[in-house]
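Architecture at a glance
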Amino acid sequence: MKHNAIDIFIKTILRKNINFVKKLIFILLTLIALIWWLLFSSSCFYGDFNLYYTKEGDDGEYYLNMYQHLPTTPIAVYKLIDGYDKYFWVLYNKDGKEIWHSPHYAYLSDDISGMAIPTKKNNLLRYSSNGEWEVIDLTDKINQVNGKK
């Protein structure tokens, strides 16, 4: 008896509504892709393929990689066409562990004059963002990466 009820359910209800289910899945996947495309930062993907420049700190303890944004969002495409502010930076320690990433929606220029990379004695990072100098104390992040509390 139970077997017949399941067969009837599958044959009548699911077969009639299979097109509705397919359309619903398509709409959900399309919405997820659209939201990701509009909101997901173009600086989330980086590596040797979009590396633009590397600057090493004075004592060699840290280095800063400058990456070019990828054209994965409408804002990134506009900024890349605009041509000036199209980079983001990632700070690493000498072992290659990531310490800091510039804000994901920051589009920075390639101007490195006046930039200060942290050293063993000084944990401050200084960089230019939108024409103003930003200074960040990375002591907590450096300790976290190095396993200190």
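See above for the structure.
The structure contained in this document is the topic of the report that follows.

Rules used in this analysis
Residues numbered from 1 in each chain as written. Predicted model: local features only at pLDDT ≥ 70, side-chain atom pairs only at ≥ 80, totals over all residues. Heavy atoms only, no water. Helix = DSSP H or I, 4+ residues; strand = E, 2+ residues; numbered from the N terminus. Contact = heavy atoms within 4.5 Å. Phe/Tyr/Trp six-rings, centres within 6.5 Å; stacked < 30°, edge-to-face > 60°. Buried < 20%, exposed > 50% of the residue type's maximum accessible area, 1.4 Å probe, protein only. Lys NZ or Arg CZ within 6 Å of the ring centre and 35° of its normal. Pairing = 2+ DSSP bridges. Axes fitted to C-alpha atoms, helices over the stretch in contact; angles between N-to-C directions. Polar contact = N/O pair within 3.5 Å; in protein donor to acceptor, adjacent residues only side chain to side chain.

**Section: the side chain of Thr-119**
With respect to the helices and strands, the residue Thr-119 is situated in the loop between strand S4 (98-101) and strand S5 (124-129). Ignoring sequence-local partners within four residues, the contact set of Thr-119 consists of Asp-58, Asp-59 and Tyr-62.

**Re the packing of aromatic side chains**
Applying the stated criterion across every chain yields a total of 7 aromatic pairs. On the numbers, 5.7 Å between centres and 70° between planes, the contact of Tyr-46 with Phe-88 is edge-to-face. With Tyr-46 in the loop between helix H1 (2-39) and strand S1 (51-56) and Phe-88 in strand S3 (residues 87-93), the pair connects residues that are 42 residues apart, well separated along the chain. An angle of 50° between the planes, with centres 5.2 Å apart, marks the rings of Trp-100 and Tyr-127 as tilted. Taken together, the positions of Trp-100 in strand S4 and Tyr-127 in strand S5 put the pair 27 residues apart, joining distant regions of the chain. The residues Trp-100 and Tyr-127 share a single accessibility class, namely buried. Clustering of aromatic rings is evident, with ring pairs tying together Tyr-46, Tyr-67 and Phe-88. One residue, Arg-126, lies across the ring of Trp-133, its end atom 4.4 Å from the ring centre.

**Let's talk about the sheet that holds strand S2 (residues 62-68)**
Spatially, S1-S2-S3-S4 is the arrangement adopted by the 4 strands of the open sheet, whose pairing is antiparallel. Because the sheet does not close on itself, it has two edges, and the strands there are S1 and S4. Neighbour to neighbour, the strand axes of the sheet diverge by 20° on average, direction disregarded. The sheet contact formed by S3 and S4 spans 3 bridges and is antiparallel. By the bridge assignment for S4, Tyr-92 is matched with Glu-98.

**So, the environment of Thr-139**
Relative to the assigned elements, Thr-139 resides in helix H3 (residues 139-145). Judged by its relative accessible area of 26%, Thr-139 is partly exposed. As a C-alpha pair, Thr-139 and Ile-99 span 40 residues in sequence and 10.0 Å in three-dimensional space. Within the local environment of Thr-139, its side chain forms a polar contact with the side chain of Asn-123, the two groups lying 3.2 Å apart.

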